[in-house]
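This is what each chain is made of:
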Amino acid sequence: WSEKSRLKGQYRILIRNQMRLNKIKETESKCKIIINCYVTRLMDLDNVISGLKQFIDALCTENFIWDDAPAWLEIKQIKQFKSKEAKIVVSRLIL
């Protein structure tokens, strides 16, 4: 649990920083998101989804999305791309 907590904390810092740098406002509305994962090694889809759990929780904590419940969030797409640099790019549409 402590490793997952540490990872979520790291994601929170990165998300908060990007929201400030890009002037992205917090939301209390329903959202649709697209997640693009740039990874050094491609994974099975179930591993990608389970690996995003702490990241999505951090998006909620930082109010990039209001809640990850189906009533509040629709994940339109999760894609992964092979890349030398690992990163996650999220596009948000507020409904």
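Nothing here was measured: the structure is a model prediction, and the numbers come from that model.

Before going further, it helps to examine the environment of alanine 69. Looking at the element boundaries, alanine 69 is found in the loop between helix H3 (53–61) and strand E2 (73–82). Sequence-wise, alanine 69 and lysine 8 are 61 residues apart; in three dimensions their C-alpha atoms are separated by 18 Å.

Further remarks concern the sheet that holds E2. If you walk across this open sheet you meet the three strands as E2-E1-E3, and the pairing is mixed. On the outer flanks of this sheet lie E2 and strand E3 (87–94), each paired with one strand and no other. Each strand axis lies, on average, 15° off the axis of its neighbour in the sheet, ignoring direction. Where strand E1 (residues 31–39) and E2 come together, nine bridges link them in parallel fashion. When the bridges of E2 are listed, isoleucine 35 appears paired with isoleucine 78.

The phi angle at lysine 23 is positive, at roughly 55°, despite the residue not being glycine. Residues other than glycine seldom take positive phi values, yet asparagine 63 does so here, at roughly 60°.

Next up on the list: the packing of aromatic side chains. Given two aromatic rings, their pairing is described by the distance between the two centres and the angle made by the two planes. Across all of its chains, the model carries three aromatic pairs by this definition. Taking the centre distance of 5.2 Å and the plane angle of 85° together, the rings of tyrosine 11 and phenylalanine 55 count as edge-to-face. Pair noted here: tyrosine 11 is in helix H1 (residues 2–21) and phenylalanine 55 is in helix H3, with a separation of 44 residues, a long-range link. What makes tyrosine 11 buried here is its relative accessible area of 19%. The class of phenylalanine 55 is buried, set by a relative accessible area of 7%. Each ring, one from tyrosine 38 and one from phenylalanine 81, has its centre 5.2 Å from the other, and the planes form 25°; the classification is stacked. Of the two residues, tyrosine 38 is situated in strand E1 and phenylalanine 81 in strand E2; the sequence distance between them amounts to 43 residues.

Here we come to H3. Burial analysis of H3 places seven of its nine residues in the buried class, which makes it a mostly covered element. Those residues of H3 not exposed but buried are Gln54, Phe55, Ile56, Asp57, Ala58, Leu59 and Cys60. Among the structural elements, H1, E1, E2 and E3 are those in contact with the buried residues of H3. One or two positions beyond H3, positive phi appears at asparagine 63, with a value near 60°.

Criteria and cut-off values
- Sequence order as written defines the numbering, with residues in each chain counted from 1.
- Predicted model: local features are reported for residues with pLDDT of at least 70 only, side-chain atom pairs are reported and counted for 80 or more only, and whole-chain, interface and lining totals are derived from all residues.
- Side-chain calculation: all heavy atoms of the structure are included, whereas hydrogens and water are not.
- Secondary structure elements are taken from DSSP: a helix is a run of H or I of four residues or more, a strand is a run of E of two residues or more, and numbering for both begins at the N terminus.
- At least two DSSP bridges between two strands are needed for those strands to be called paired.
- Axes here refer to lines fitted to C-alpha atoms; in helices the fit is confined to the stretch in contact. Angles between the N-to-C directions go from 0 to 180 degrees.
- In this analysis, rings of Phe, Tyr and Trp, with Trp reduced to its six-membered ring, are considered paired at centre separations within 6.5 Å, and the interplanar angle assigns stacked below 30 degrees, edge-to-face beyond 60, and tilted for intermediate values.
- A simple rule labels every residue: compare its accessible area, found with a 1.4 Å probe on the protein chains alone, to the largest value its type can have, and call it buried under 20%, exposed over 50%, or partly exposed in between.
- By the convention used here, residues are in contact when the closest approach between their heavy atoms is within 4.5 Å.

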